[in-house]
Amino acid sequence: MVGFVGSLGVGKLGSVGRADGLCSRKSVVVMGTGNSFGKLFKISTWGESHGIGVGVTIDGCPPRLELSPEDVQKELDRRKPGQSKLTTPRKEDDMAEILSGVVSGKTIGTPIGILVRNKNQIGKDYDNIAVSYRPSHADATYDAKYGIRAVAGGGRSSARETIGRVAAGAVAKKLLKTYSDVDIVGYVQKVQDIAADNIDVDKVTLEDVESNIVRCPDEEVAEQMIGRIDEIRKTGNSIGGVVECVARNVPAGLGAPVFDKLEAELAKACMSLPASKGFEVGSGFPGTLLTGIEHNDPFYIDEDGRTRTKTNRSGGIQGGISNGETIVIRVAFKPTSTIARSQETVTRDGVETELLARGRHDPCVLPRAVPMVESMVALVLADHLMQQIAQCSLLPEDEEAAINPLGPKPQDHSILSQK
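All residue numbers refer to position in the chain's written sequence, counted from 1. Owing to the predicted nature of the model, reporting of local features is limited to residues with pLDDT of at least 70; listing and counting of side-chain atom pairs is limited to 80 or more, with chain, interface and lining totals taken over all residues. In computing side-chain properties, one takes all heavy atoms of the structure into account and sets aside hydrogens as well as water.

### A word on the layout of surface pockets
Quantified by volume, the second largest pocket comes out at close to 1,000 Å³. Strands are runs of DSSP state E lasting at least two residues, helices are runs of H or I lasting at least four, and both sets are numbered from the N terminus onward. Going through the elements one at a time, α3 (162-180) and α8 (366-392) are the ones with two or more residues in the lining of the second largest pocket. It is α8 that contributes the most residues to the lining of the second largest pocket, 4 residues altogether. We call Asp, Glu, Lys and Arg charged. Ala, Val, Leu, Ile, Met, Phe, Trp, Tyr, Cys and Pro are nonpolar, and the rest, Gly among them, are polar. Residues that form the lining of the second largest pocket fall into these classes: 17 nonpolar, 10 polar and 4 charged. Only protein atoms enter the 1 Å grid used here. Points where a 1.4 Å probe fits but cannot escape make up a cavity, open sets with protein on both sides within 12 Å along at least five of seven lines make up a pocket, and a residue lines them when an atom lies within 4 Å of a point. Grid points are joined across faces, edges and corners, and a volume is the space filled by probe spheres set on the points.

The structure is reproduced here in structure tokens:
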């Protein structure tokens, strides 16, 4: 984004200043680079698919949070390639190196740097796409924007960029778990027309999800999904579907009115993932088929004397602010763009041709997208938790005007339960 003040204009060479292209002292240039996310819990990812490595810098993480390399590694292991016949055959250990911000197993409040080195690059697989654009991939648009791009592996447009997000998400998960025992669980809900429609969002566990290679907690449906993906894989094609993600024990009050509504922040976070094409929260688009009386979530007082909702069509968010109920979101992912099939395209200099892409790619991104979605949800919740505490917990509450507590009783062993 380039901004300017007064009667300034943009010159022929793109400089900000007077209409003749000369710079003015009043000019203000703001570059929107798009590699950072968050306000208080802020991350910046860096690196290319076939470069030396990829990683993340996390700024704003509170000090004294217990954090080990294993906390990060277990999440990266769920994301890494080569896990099964349903994922890309690229072999990477994806071992995390924590470079800074952690001393003796605890964060120290300074930026946390995490690096994962690339080891299994095969650059020659991408020689043909240096001149021919892959249909529906980022090749053409990156060229249009920058005039230059990292060809091998897709550079920054590769899903390998998400290593930094998942590493940062592991830290955010640990913070949320420590504060209020937040439990974030994602799973594959749909592959093409094969859907798992009977998942109990309040009871599904990580163990349920990790019980099969497609990461669907319904074993019967999972077998159908695996069969469909494998069938498509053998034809050199790809398919998409939907990842559902739930977050339990989220405190009420996270999110802000208007532009920073919690569902808006979650939508931006999840829609920034590679191959994402749609976002829903709670009842989502099917909710439009209901009437108001059918869709509204009635309030009641639970056995602990707290204000709750009898149903959860809101998906744990009302008015852009969490209400303490389970947050439920869904993210739709398109079929992988790079496939082993000949496709019509054009070259970089504008000549029509055909392209048979080489390289190693997922026939379906969904199994590896699960930890990516979880991580983006965790990053949003951690950031808004810190914003909520910073703004609304600084001054003491008026006890006489205090509302009946909203949402379930905090978990006994959490920090929130001690407040």
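### Quick notes on the packing of aromatic side chains
For this analysis, a ring pair means two rings from Phe, Tyr or Trp (six-membered ring only for Trp) whose centres lie within 6.5 Å, classed as stacked if their planes differ by under 30 degrees, edge-to-face if by over 60, and tilted for the remaining angles. Within the structure shown, the criterion is met by 1 aromatic pair. The side chain of K145 reaches across the aromatic face of Y146, ending 5.5 Å from its centre. Note on criteria: charge over ring means Lys NZ or Arg CZ within 6 Å of the ring centre, with the direction from the centre no more than 35 degrees off the ring normal.

### Here's the deal with the confidence of the model for the protein chain
Any segment with low pLDDT has predicted coordinates that should not be analysed in fine detail. pLDDT is defined as a per-residue confidence score from the predictor, taking values between 0 and 100. Put simply, the protein chain has an average pLDDT of 88, and 87% of its residues get 70 or more. Contacts are assigned to residue pairs with any non-hydrogen atoms lying within 4.5 Å of each other. This stretch, residues 1-31, has a pLDDT under 50; its non-local contacts, to residues over four places away or in other chains, come to 36 contacts.

### Concerning a negative patch on the surface
Distance thresholds for patches are 9 Å for like charges and 5 Å for nonpolar side chains (Val, Leu, Ile, Met, Phe, Trp, Tyr), applied to residues having over 30% relative accessible area and no salt bridge. Note on areas: Shrake-Rupley with a 1.4 Å probe; residue coverage comes only from the protein chains shown. Every case where a carboxyl oxygen of Asp or Glu lies within 4 Å of a side-chain nitrogen of Lys or Arg is listed as a salt bridge. This count recognises Lys and Arg as positive and Asp and Glu as negative, with His and chain-terminal groups excluded. The atoms used to mark charge sites are NZ of Lys, CZ of Arg, CG of Asp and CD of Glu. Among the surface-exposed residues, E207, D208, E219 and E223 lie close enough to one another that they form a single negatively charged patch. Sorting the residues of the negative patch by element identifies α4 (206-209) and α5 (219-233) as the ones contributing at least two each. You can see E207 is positioned in helix α4. A 1.4 Å probe rolled over the protein chains alone gives each residue an accessible area, and that area as a share of the maximum for its type sets the label: buried under 20%, exposed over 50%, partly exposed in between. Judged by relative accessible area, which is 59%, E207 ranks as exposed.

### Describing the sheet that holds strand β9 (residues 112-117)
Two strands pair under a simple rule: DSSP has to find at least two bridges between them. As summarised here, the arrangement of the 5 strands in space is β3-β4-β5-β9-β6, forming an open sheet in which the pairing is antiparallel. Two strands in the sheet have a free side with no partner beyond their single neighbour: β3 (36-37) and β6 (96-100). Sheet analysis places β3 next to strand β4 (residues 42-47), joined by 2 bridges and oriented antiparallel. If you follow F37 over to β4, its bridge partner there is I43. Axis geometry follows a simple rule: fit a line to the C-alpha atoms, using only the stretch in contact for helices, then measure angles between N-to-C directions, giving values from 0 to 180 degrees. Those strands touched by α3 are β4, β5 (53-59) and β9, and its axis lies near 35° from that of β5.

### Digging into the nonpolar core
For the purposes of this section, nonpolar cores are sets of buried Ala, Val, Leu, Ile, Met, Phe, Trp, Tyr and Cys residues that join through side-chain atoms within 4.5 Å. Within the largest apolar cluster, 82 residues are counted, with the highest numbers of intra-cluster contacts made by F41, I58, I329, V373, V377 and L381. Setting aside its immediate chain neighbours within four residues, I329 contacts V243, E244, C245, L266, C270, F279, E280, V281, V373 and V377.

### Looking at the pattern of salt bridges
Using the criterion set out here, one finds 25 salt bridges in the structure. Two residues, K39 and D260, come together in a salt bridge whose shortest N-O distance is 2.6 Å. Taken together, the positions of K39 in the loop between β3 and β4 and D260 in the loop between β12 (241-248) and α6 (262-271) put the pair 221 residues apart, joining distant regions of the chain. Put simply, K173 and E374 hold a salt bridge, and the shortest N to O gap is 2.7 Å. Placement of the pair is K173 in helix α3 and E374 in helix α8, with a sequence separation of 201 residues. Summarising the burial analysis for this pair, K173 and E374 share the class buried.

### With respect to the environment of V204
Among the secondary structure elements, V204 is positioned in the loop between β11 (194-195) and α4. It is 9.8 Å that separates the C-alpha atoms of V204 and D218, two residues lying 14 residues apart in sequence. Among residues more than four places away in sequence, those in contact with V204 are V185, Y187, I199, V209, P217, V246 and R248.

### Things to note about the packing of helix α1 (residues 69-79) against α8
Two elements in contact, α1 and α8, have axes separated by 7 Å at closest approach and are oriented at 140°. Overall, the two elements α1 and α8 adopt an arrangement that is oblique. Touching E75, R78 and R79 of α1 are R368, V370, P371, M372 and E374, all from α8. Within the contact of α1 with α8, the residues separate by chemical class into 3 nonpolar, no polar and 5 charged. An angle counts as roughly parallel when it lies under 35 degrees, as roughly antiparallel when it exceeds 145, as roughly perpendicular when it falls between 65 and 115, and as oblique in every other case.

### Some thoughts on the side chain of R160
Along the chain, the position of R160 falls in the loop between α2 (139-146) and α3. Of note is the side chain of R160, whose polar atom sits 2.6 Å from the side chain of N118. Polar contacts here mean pairs of N or O atoms no more than 3.5 Å apart (in protein, one a potential hydrogen donor and the other a potential acceptor; neighbouring residues in sequence count only if both atoms are side-chain atoms).

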